[in-house]
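Tertiary structure, described
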Amino acid sequence: MTKKNPNLTAEQKLVMFEDGTEPPGTSDLNSEKREGTYHCANCEIKLFSSKAKYESGSGWPSFYKSLPDVFETKTDHLLGYARTEYHCKNCNAHHGHIFEDGPEPTGKRYCNNGVCLVFKEEA
Ligand SMILES: [Zn+2]
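Here's a quick rundown of the structure. Model, not experiment: these values are computed from the prediction.

**A word on a nonpolar patch on the surface**
Taken together, the side chains of Leu78, Leu79 and Tyr81 define a hydrophobic patch exposed on the protein surface, amounting to about 330 Å² of accessible area. With respect to the helices, strands and loops of the structure, Leu78 is situated in the loop between β5 (71–76) and β6 (83–88).

Written as C-alpha coordinates, this is what we have:
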(Lines give C-alpha, C1' and ligand atoms only; values in the text may rest on other atoms or scores of the structure.)
Protein backbone atom coordinates (compact mmCIF):
# COMPACT_ATOMS: atom_id res chain seq x y z
CA MET A 1 0.00 0.00 0.00
CA THR A 2 1.33 3.40 -0.92
CA LYS A 3 1.35 5.93 1.87
CA LYS A 4 3.13 9.18 1.17
CA ASN A 5 5.08 10.98 3.84
CA PRO A 6 3.79 14.60 3.82
CA ASN A 7 7.31 15.96 4.43
CA LEU A 8 8.76 14.78 1.13
CA THR A 9 10.26 17.32 -1.25
CA ALA A 10 9.06 17.65 -4.84
CA GLU A 11 12.15 15.79 -6.06
CA GLN A 12 11.64 12.96 -3.60
CA LYS A 13 8.02 12.58 -4.74
CA LEU A 14 9.08 12.57 -8.37
CA VAL A 15 11.68 9.85 -7.86
CA MET A 16 9.76 7.69 -5.42
CA PHE A 17 6.27 7.81 -6.90
CA GLU A 18 6.67 8.85 -10.54
CA ASP A 19 9.69 6.73 -11.48
CA GLY A 20 12.00 9.74 -11.69
CA THR A 21 15.78 9.63 -11.37
CA GLU A 22 17.96 12.20 -9.65
CA PRO A 23 20.87 13.62 -11.69
CA PRO A 24 24.03 11.55 -11.09
CA GLY A 25 26.63 12.91 -8.70
CA THR A 26 24.17 15.14 -6.84
CA SER A 27 23.65 13.11 -3.67
CA ASP A 28 25.67 13.85 -0.55
CA LEU A 29 25.36 10.16 0.24
CA ASN A 30 27.77 9.31 -2.58
CA SER A 31 30.64 10.26 -0.30
CA GLU A 32 29.08 9.01 2.94
CA LYS A 33 31.57 6.61 4.51
CA ARG A 34 30.43 6.40 8.13
CA GLU A 35 29.08 3.23 9.73
CA GLY A 36 25.33 3.19 9.97
CA THR A 37 22.11 2.34 8.24
CA TYR A 38 20.19 3.74 5.30
CA HIS A 39 16.47 4.16 5.74
CA CYS A 40 13.55 4.70 3.37
CA ALA A 41 12.95 8.46 3.15
CA ASN A 42 9.23 7.85 2.87
CA CYS A 43 8.47 5.26 5.59
CA GLU A 44 11.78 5.17 7.52
CA ILE A 45 12.31 1.41 7.61
CA LYS A 46 15.94 0.21 7.37
CA LEU A 47 16.95 -0.79 3.87
CA PHE A 48 20.74 -1.01 3.71
CA SER A 49 23.72 -1.38 6.01
CA SER A 50 26.75 0.81 5.36
CA LYS A 51 28.72 -2.45 5.23
CA ALA A 52 27.20 -3.24 1.82
CA LYS A 53 27.91 0.22 0.36
CA TYR A 54 30.69 0.62 -2.17
CA GLU A 55 31.94 3.18 -4.66
CA SER A 56 30.61 2.17 -8.06
CA GLY A 57 31.60 5.33 -9.91
CA SER A 58 28.05 5.60 -11.27
CA GLY A 59 27.21 8.85 -9.47
CA TRP A 60 24.54 7.21 -7.31
CA PRO A 61 24.87 5.56 -3.90
CA SER A 62 25.52 1.87 -4.59
CA PHE A 63 25.16 -1.25 -2.50
CA TYR A 64 25.88 -4.89 -3.27
CA LYS A 65 22.99 -6.10 -1.16
CA SER A 66 19.99 -4.83 0.78
CA LEU A 67 18.83 -5.93 4.19
CA PRO A 68 16.73 -9.12 3.92
CA ASP A 69 13.21 -8.92 2.54
CA VAL A 70 12.83 -5.14 2.32
CA PHE A 71 12.33 -4.72 -1.44
CA GLU A 72 10.10 -6.00 -4.18
CA THR A 73 11.25 -5.90 -7.77
CA LYS A 74 9.64 -5.60 -11.15
CA THR A 75 10.87 -5.28 -14.69
CA ASP A 76 10.45 -1.96 -16.44
CA HIS A 77 11.11 -0.90 -20.03
CA LEU A 78 11.22 2.87 -19.56
CA LEU A 79 14.49 3.19 -21.48
CA GLY A 80 13.51 0.74 -24.20
CA TYR A 81 15.20 -2.26 -22.60
CA ALA A 82 14.47 -4.40 -19.59
CA ARG A 83 15.68 -3.19 -16.23
CA THR A 84 14.94 -4.50 -12.77
CA GLU A 85 13.47 -1.73 -10.66
CA TYR A 86 13.07 -2.16 -6.93
CA HIS A 87 10.76 -0.52 -4.48
CA CYS A 88 10.22 -0.51 -0.74
CA LYS A 89 8.07 -3.43 0.29
CA ASN A 90 6.64 -1.45 3.16
CA CYS A 91 5.48 1.73 1.39
CA ASN A 92 5.88 0.99 -2.34
CA ALA A 93 8.28 3.90 -2.95
CA HIS A 94 10.61 3.41 -5.95
CA HIS A 95 14.29 3.47 -4.99
CA GLY A 96 16.39 2.47 -7.97
CA HIS A 97 17.48 -0.38 -10.21
CA ILE A 98 19.47 -3.57 -9.72
CA PHE A 99 22.30 -4.28 -12.15
CA GLU A 100 24.42 -7.40 -12.48
CA ASP A 101 27.80 -5.66 -12.45
CA GLY A 102 28.33 -5.39 -8.70
CA PRO A 103 31.21 -6.74 -6.63
CA GLU A 104 31.47 -10.06 -4.79
CA PRO A 105 29.86 -11.75 -2.97
CA THR A 106 26.53 -10.98 -4.70
CA GLY A 107 27.58 -9.57 -8.08
CA LYS A 108 24.69 -7.15 -7.78
CA ARG A 109 24.60 -3.38 -7.79
CA TYR A 110 21.67 -1.69 -6.11
CA CYS A 111 21.83 1.71 -7.76
CA ASN A 112 19.81 3.84 -5.37
CA ASN A 113 18.62 7.42 -5.75
CA GLY A 114 20.14 9.32 -2.83
CA VAL A 115 16.99 11.39 -2.26
CA CYS A 116 15.13 8.20 -1.34
CA LEU A 117 17.50 7.40 1.52
CA VAL A 118 18.09 8.83 4.95
CA PHE A 119 21.40 7.92 6.58
CA LYS A 120 21.57 7.32 10.31
CA GLU A 121 24.98 7.01 11.88
CA GLU A 122 25.55 4.11 14.24
CA ALA A 123 25.27 5.28 17.81
ZN1 LIG B 1 9.46 2.77 2.41
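Here the narrative resumes.
**Observations concerning the coordination of the zinc ion**
Looking at the zinc ion, one finds its protein donor set to be Cys40 (SG), Cys43 (SG), Cys88 (SG) and Cys91 (SG), positioned 2.3 to 2.4 Å from the metal centre. The site at the zinc ion holds 4 donor atoms, and with the angles between them running 104 to 121 degrees, its shape is tetrahedral. Along the chain, the residues donating to the zinc ion fall in the pattern C-x2-C-x44-C-x2-C. Of the two residues, Cys43 is situated in the loop between β1 (36–40) and β2 (46–49) and Cys91 in the loop between β6 and β7 (94–99); the sequence distance between them amounts to 48 residues.

**Quick word on the sheet that holds strand β9 (residues 117–121)**
Spatially, 3 strands are ordered β2-β1-β9 in an open sheet, and the strand pairing comes out antiparallel. Sheet topology places β2 and β9 at the edges, where each strand pairs with a single neighbour. Averaged over neighbouring strand pairs, the angle between their axes works out to 30 degrees when direction is ignored. Sheet topology note: the β1/β2 ladder contains 3 bridges and is antiparallel. Paired with His39 across the bridge in β2 is Lys46.

**Examining the pattern of salt bridges**
The final tally for this structure, using the stated rule, is 7 salt bridges. Arg34 serves as the salt-bridge partner of Glu121, at 3.0 Å between the closest nitrogen and oxygen. Residue Glu121 is found in strand β9, and its partner Arg34 is found in the loop between α1 (10–17) and β1; the two are separated by 87 residues along the sequence. Among the ionic contacts, a cluster of salt bridges with common partners joins Glu32, Arg34 and Glu121.

**Here we look at unusual backbone geometry**
Note the cis peptide between Glu104 and Pro105, where omega equals 5 degrees. Secondary-structure assignment places Pro105 in the loop between β7 and β8 (109–112). At Asp19, a residue that is not glycine, the phi angle is positive and equals roughly 55 degrees. Note that Asp19 resides in the loop between α1 and β1.

**Let's talk about the nonpolar core**
Counting residues in each nonpolar core, the largest one holds 22 residues, and the members touching the most others are Tyr38, Leu47, Phe48, Phe71, Tyr110 and Leu117. Looking at this core, the elements that each hand over two or more residues are α1, β1, β2, β6 and β9.

**Describing the pairing of β1**
Burial of β1 is extensive: 5 of the 5 residues sit out of reach of the surface. In this structure, β1 lies alongside β9, joined through 5 bridges in antiparallel fashion. Each bridged residue has a counterpart across the sheet, and for Cys40 the counterpart in β9 is Leu117. Adjacent in sequence and paired antiparallel, β1 and β2 are bridged by 5 residues, among which Glu44 carries a positive phi angle near 75 degrees.

Basis of the calculations
Residues numbered from 1 in each chain as written. Predicted model: local features only at pLDDT ≥ 70, side-chain atom pairs only at ≥ 80, totals over all residues. Heavy atoms only, no water. Patch = residues over 30% accessible without salt bridge, like charges linked within 9 Å, V, L, I, M, F, W, Y side chains within 5 Å. Areas by Shrake-Rupley, 256 points an atom, 1.4 Å probe, with all protein chains shown as cover. Salt bridge = Lys/Arg side-chain N within 4 Å of Asp/Glu carboxyl O. Helix = DSSP H or I, 4+ residues; strand = E, 2+ residues; numbered from the N terminus. Donors = N, O, S within 2.8 Å, 3.2 Å for Na, K, Ca; no water. Tetrahedral: all angles 85-135°; square planar, octahedral: opposite > 155°, others 65-115°. Pairing = 2+ DSSP bridges. Axes fitted to C-alpha atoms, helices over the stretch in contact; angles between N-to-C directions. Core = buried A, V, L, I, M, F, W, Y, C linked by side-chain atoms within 4.5 Å. Buried < 20%, exposed > 50% of the residue type's maximum accessible area, 1.4 Å probe, protein only.

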